[in-house]
Amino acid sequence: MNAVPHERGLALLVAHCASLDPDSPNASERLDEALGPDLARKLVFALSSGTQSRERSRSGLGAHAVFAA
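Residues numbered from 1 in each chain as written. Predicted model: local features only at pLDDT ≥ 70, side-chain atom pairs only at ≥ 80, totals over all residues. Heavy atoms only, no water.

Caption draft 1: Highlighting helix H2 (residues 27-35). The N-capping residue of H2, defined by a side-chain oxygen 3.1 Å from the backbone nitrogen of Ser-28, is Asn-26. Positive phi shows up at Gly-36, right after H2, with a value of about 95°. (Polar contact = N/O pair within 3.5 Å; in protein donor to acceptor, adjacent residues only side chain to side chain. Helix = DSSP H or I, 4+ residues; strand = E, 2+ residues; numbered from the N terminus.)

Shown next as structure tokens:
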């Protein structure tokens with residue numbers, strides 16, 4: 001069973017190979033072009049700023065285990 005349709009897989013492979021070209025725009029440049037630099041910066045900040053809070057919530061807000069006898 002193939003989880004990804006064949007056409008989409010080929011398109012992803014072509015996009016990946018094109019990204020290896022040093023003259024092609026990088027992800028930041030493509031995002032700036034699609035959204036504008038201000039909105040792109042805000043989006044990247046919003047998506048990346050939650051990393052620490054997600055890690056804290058998984059570990060009990062950074063609390064350490066305490067064992068009482």
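Caption draft 2: A look at the packing of H2 against helix H3 (residues 37-49). Look at H2 against H3: their axes get within 7 Å of each other, and the N-to-C directions meet at 120°. Accordingly, the angle class assigned to the pair H2 and H3 is oblique. Taken as a pair, H2 and H3 cross one another with a handedness that is right-handed. From H2, Leu-31, Asp-32 and Leu-35 reach across to H3, where they touch Pro-37, Leu-39, Ala-40, Leu-43 and Val-44. Within the contact of H2 with H3, the residues separate by chemical class into 7 nonpolar, no polar and 1 charged. (Axes fitted to C-alpha atoms, helices over the stretch in contact; angles between N-to-C directions. Parallel < 35°, antiparallel > 145°, perpendicular 65-115°, else oblique. Left-handed = near helix turned anticlockwise from the far one by under 90°. Contact = heavy atoms within 4.5 Å. Nonpolar A, V, L, I, M, F, W, Y, C, P; charged D, E, K, R; others polar.)

Caption draft 3: Representation of a nonpolar patch on the surface within the structure. A cluster of nonpolar side chains, contributed by Leu-35, Leu-39, Leu-43 and Leu-47, occupies part of the molecular surface with about 360 Å² of accessible area. In terms of residue count, the dominant contributor to the nonpolar patch is H3 (3 residues). Structurally, the position occupied by Leu-39 is in helix H3. Exposure remark for Leu-39: the relative accessible area of 48% places this residue in the partly exposed category. (Patch = residues over 30% accessible without salt bridge, like charges linked within 9 Å, V, L, I, M, F, W, Y side chains within 5 Å. Areas by Shrake-Rupley, 256 points an atom, 1.4 Å probe, with all protein chains shown as cover. Salt bridge = Lys/Arg side-chain N within 4 Å of Asp/Glu carboxyl O. Buried < 20%, exposed > 50% of the residue type's maximum accessible area, 1.4 Å probe, protein only.)

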